[in-house]
Structures are given as C-alpha cells and as structure tokens.
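# An overview of the molecular structure
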Amino acid sequence: MAKPRRKGASKQLLILLVGGFFIGVAGIAFYFVYQASLDVSKSHAAIDTGPSSQLDDGTEMSPATRAKVADATVIVRVKNGKTVTLGSGFFCRRGIVVTDVDVLGEIPDVQSFSGSLEVVLNAGVAGKETVCPAKLTVLDPYSRLAFIKPDGLKLAPEPLDLGSTQFVGETTPLFVAQCTPSATKPGEGDTVEIAKCAVSHSEFRKSGTQVLIVEGAFGQACGGAPVLNQKGQLLALIPHHKKALNSSATVPLADVTFSINGYVSDLSVKTRTKNGDRYTFDISANCIDPLDVARGVTFYYWTAGEGNANPTAKTAVALTRVGNTSTWKGSVSDLVVAKRSEFWAQTGFKAGEAEVADAAFNRAAELGVPGAQPVVVEAPRPQAPRYVPPPQVVKRVVVQQPVAPPPPPDSPGWNLGYTTDQSSNRPSGDYETKGNSWDNPNKSVSPVITRRR
C-alpha cells in the first residue's frame, strides 16, 4: 500500500527550485557584467598605448594645441652667398616673426645685414609648405631679438599666446618647437618638430627677472625656437648656438614682451649753445618699435641741487617723429643750469592712451639702455681772447636720470660715439655711460648670462 505524500516536503522542493532559478539568473548576469568590464578596460588600454596618447593626460599637448604651435612656428633661412644658415622663429603678432638676432650673424643694426631671408611655413608638410621671402625690419640689441616680416603672405597664422613663468618648476611639462634640418638636403627638406624639454633650474637677474635654464636636445638650428607650456603659451626663447647642446639658458619672456611692446632705446642730449648759465639742448630719441605702435614720445626734464635736492617742477617736451623712422627729435631752449646744479631727464613712450615712462626706463636700465643711468653732458668752452691763453679747463654739467635699479651682469654696453667741439677739440655733447672713458669711448660689453642659483 503506497504511503501518502507529506505536504511539507513538496513545499521545500518548490523553494529549492525557485531559489536555484534566481541564483542561476544572478550568475549569468554577473558573467555578462564581468565580460563587459573586461572590454572597457581593453578599450582604455588601447587608447593609452595607441596613437591617441597625445590626449591631455597631464604631460602632453592636446592635438589641437600642437597643431596651433606647428602653424605659428617657422623656419628662418639666412643666405649669404652660397652659405645658408638655419634658425627657428615664431609669429608674435599677425604677419611679424621674431627670432634670435644671432641667427642672422654678428650685426649691430638693420643696415648692417647684407644677406637675404626666407621664412618657411608648415615646413615638411606636403601640400602646405610655403616659402616666403622676408625682410629684417627691427633689431633689438638689448633683448637680442630680430623681427622679420614675410612678403606676399595672404593670411598669417595665429600668433603664439604669451604665458607666465610664475609657477614654472622642475616638474612643469615644457616643450620646444625648433627647426630640424634635413639629413640629406639641409636648407630644403627641413621640418619643425615639437619635443619635450625640462627645467633644470632658474637663475635671477639683480632686477628679479627669471631666466629659465632648460634641458633637452637643442640642435644648431634651435636659435629663436619658442619654449612653451602644455597650453602652447610662450615662456621663453632659445638663443642661437653654434653647436648642438643638451642644456641652454633662455631669453626671458620679460625681454620678449618688453621688446614687442616698444620702448625708447637710445636717448641723446647735445649742447647746442651756452650763454653763461643758460643752455640750449638738442634731444634725439630712438625707439625699438617692431609693431609700429608708438603714438608719441615725451622728454621730461628738471633741475635740482646735488643728489636731486629741491627739484624744480618737471617740464615736458613733446618730441616729433622724423618721417617714418623710429627717431624722435626736439629741443630744450634757454635753460638755466646754475653752477653745482643737476639736470635730470627721462622719457615717456606712448603706444595707446596710456604712457609708459618710469616703468619703461626701469626696464631699460636692466637691459643696459643709456639714459637710464647717470650721464654727463659737456658744455662747449667759451672762446677766450687771443692775447690771454685760457687755462685748459672744461666745464661740465652733470646730468642724471631718476634712480633706477642697477643693470644686470649680463647687460650689453652701448656705444653712442662722440662729436668734437670746435672750440675745445674735445669730445662733447653726447651721453657717456659708465662703461666708457675718455681714453676708450667706444668700449662695449657683449651680453653674457651669468649662472647664479
């Protein structure tokens, strides 16, 4: 006789079947989720190791930034006869290229350059490379920069943006965009390459200007190459070297911006006439103005006792531009400069509505610009009667500028030359810097960057 089924056993079996079903579904779901996570990790691995590694991962430029830097960076070809010298450069403003002046050779001014120039855009890019003849327009002997204007360029690329070195340190990702000469045909198949470099350390001038010392592979055509941050902003410029180097001091960003903005680089005060204590001076100011932004130059002067004691009110003389040149001239007439008094002067450079006066000359003093330091104006000696031989004494009027910070040890000297006074046959009428003397008035000092940590 069959035994009757227990109701409790059937209920337990049902619970087991339902539980097993849900456990199986959960296991299958877990399997697919796990497989999906593996696919995602594989795709991320492909991005990190493939050609897209240029994406912003904290140490690389983005593709868009890299493309903009490549467009703004050019190759500078300097031709002197059959000799071709290569350098690098970049657009600092639309249509204006800046490079290191030594790429063009040892020249003191624009008129001394006798070679020819070419600027190569999109170098090495098939179908986009453009070679333009160019003209040297402005040479800044203090910042050691040359400004070049390409001819026949219909649309210039966007210029590089200016950055800041305030927070740049040894861990900051830096890049250099420089000319890489062709291994087979240098001067024809050259390219521009953007490579990483690193900050070795920083050095500081007496004025506090930061000079970056960078490490990387710098070839013979690196002169004028921009040093950039991860955003493609300009931080410094590599000077010209005659051989490949693994470390280089840089031209500070402050020098580049100062030169681009324009300033009075050369101030000359000459004594035209003297009548007792009354003097008439001829004023001449030359400007570094690569972007032609100057709208006015003002000469300010006043007299005072020794050490600028009890100064008179400051008088302004608006100088007049000579044609389309960078020279501005004017005069100071019938000025009383009593014995043992001082004649102080400064200039103001006006590019827009605002005028830069003291700030520009403080900066100019750092770069070794004459006129920002104490100078001497020598007045002509009056003609004495023939029958009474006059003593060989030359009267001088001390001329000083407002107190400015001392120039850095790497400042170049400056030679203005001297004229000869007909009455005394002695040098007369020009500024004299501390670097000159009567025995050697043409002394000049080449800029040498000092290493001070």
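Below is a summary of the structure that appears in this document.

What counts as what
Every chain's residues receive numbers from 1 upward, in the order its sequence appears when written. Local features in this predicted model are restricted to residues whose pLDDT is 70 or higher, and side-chain atom pairs enter the listing and the counts only when it is 80 or higher, whereas totals over whole chains, interfaces and linings include all residues. Think of the side-chain values as coming from all heavy atoms in the structure, minus any hydrogens and water. Pairing between strands is defined by DSSP: at least two bridges between them are needed. Helix and strand definitions follow DSSP, with helices as H or I runs of at least four residues and strands as E runs of at least two, each counted in order from the N terminus. What we call a nonpolar core is a set of buried Ala, Val, Leu, Ile, Met, Phe, Trp, Tyr and Cys residues that are connected through their side-chain atoms within 4.5 Å. Buried residues are those whose accessible area, probed at 1.4 Å on protein chains only, stays under 20% of the maximum for their type, while exposed residues exceed 50% and partly exposed ones sit between those limits. Every residue pair with non-hydrogen atoms within 4.5 Å of one another is taken to be in contact. Within 6.5 Å between ring centres, the rings of Phe, Tyr and Trp (the latter by its six-membered ring) count as paired, and their orientation is classed by plane angle as stacked under 30 degrees, edge-to-face over 60, tilted in between. Counted as over-ring charges are cases with an Arg CZ or a Lys NZ within 6 Å of the ring centre that also lie within 35 degrees of the ring normal.

Another aspect to go through is the sheet that holds strand 18 (residues 320–321). Sheet architecture is open: four strands sit in the order 14-15-19-18, paired in antiparallel fashion. Edge positions in the sheet fall to strand 14 (263–275) and strand 18, since each has one partner strand and no second. Sheet topology note: the strand 18/strand 19 (residues 327–336) ladder contains two bridges and is antiparallel. Within the sheet, the bridge partner assigned to Thr320 lies in strand 19 and is Lys329.

Turning our attention to the nonpolar core. Val69, Phe90, Cys92, Leu145 and Phe147 are the most contacted members of the largest nonpolar core, which has 25 residues in total. Going through the elements one at a time, helix 2 (63–72), strand 2 (83–93), strand 3 (96–100), strand 6 (145–150), strand 7 (174–180), strand 11 (234–237) and helix 3 (253–261) are the ones with two or more residues in this core. Per-element tally for this core: the top contributor is helix 3, with four residues. Those residues in contact with Leu145 that lie beyond four places of it in its chain are Val98, Thr99, Val101, Val138, Leu139, Asp140, Leu237, Val251, Asp255, Val256 and Ser259. With 21 residues, the next largest nonpolar core counts Cys287, Val317, Leu335 and Phe349 among its residues.

Applying the stated criterion across every chain, the model contains three aromatic pairs. Arranged with centres 6.2 Å apart and planes meeting at 25°, the rings of Phe299 and Tyr301 form a pair that is stacked. Directly above the aromatic system of Tyr300 lies the positively charged group of Lys314, at a separation of 5.6 Å from the ring centroid.

Bringing the environment of Glu158 into the picture now. Note on placement: Glu158 falls in the loop between strand 6 and strand 7. Classification of Glu158 as partly exposed rests on a relative accessible area of 45%. Counting along the chain gives 89 residues from Glu158 to Val69, while the straight-line C-alpha distance between them is 9.0 Å. In contact with Glu158, not counting residues within four places along its chain, are Lys68, Ala72 and Arg94.

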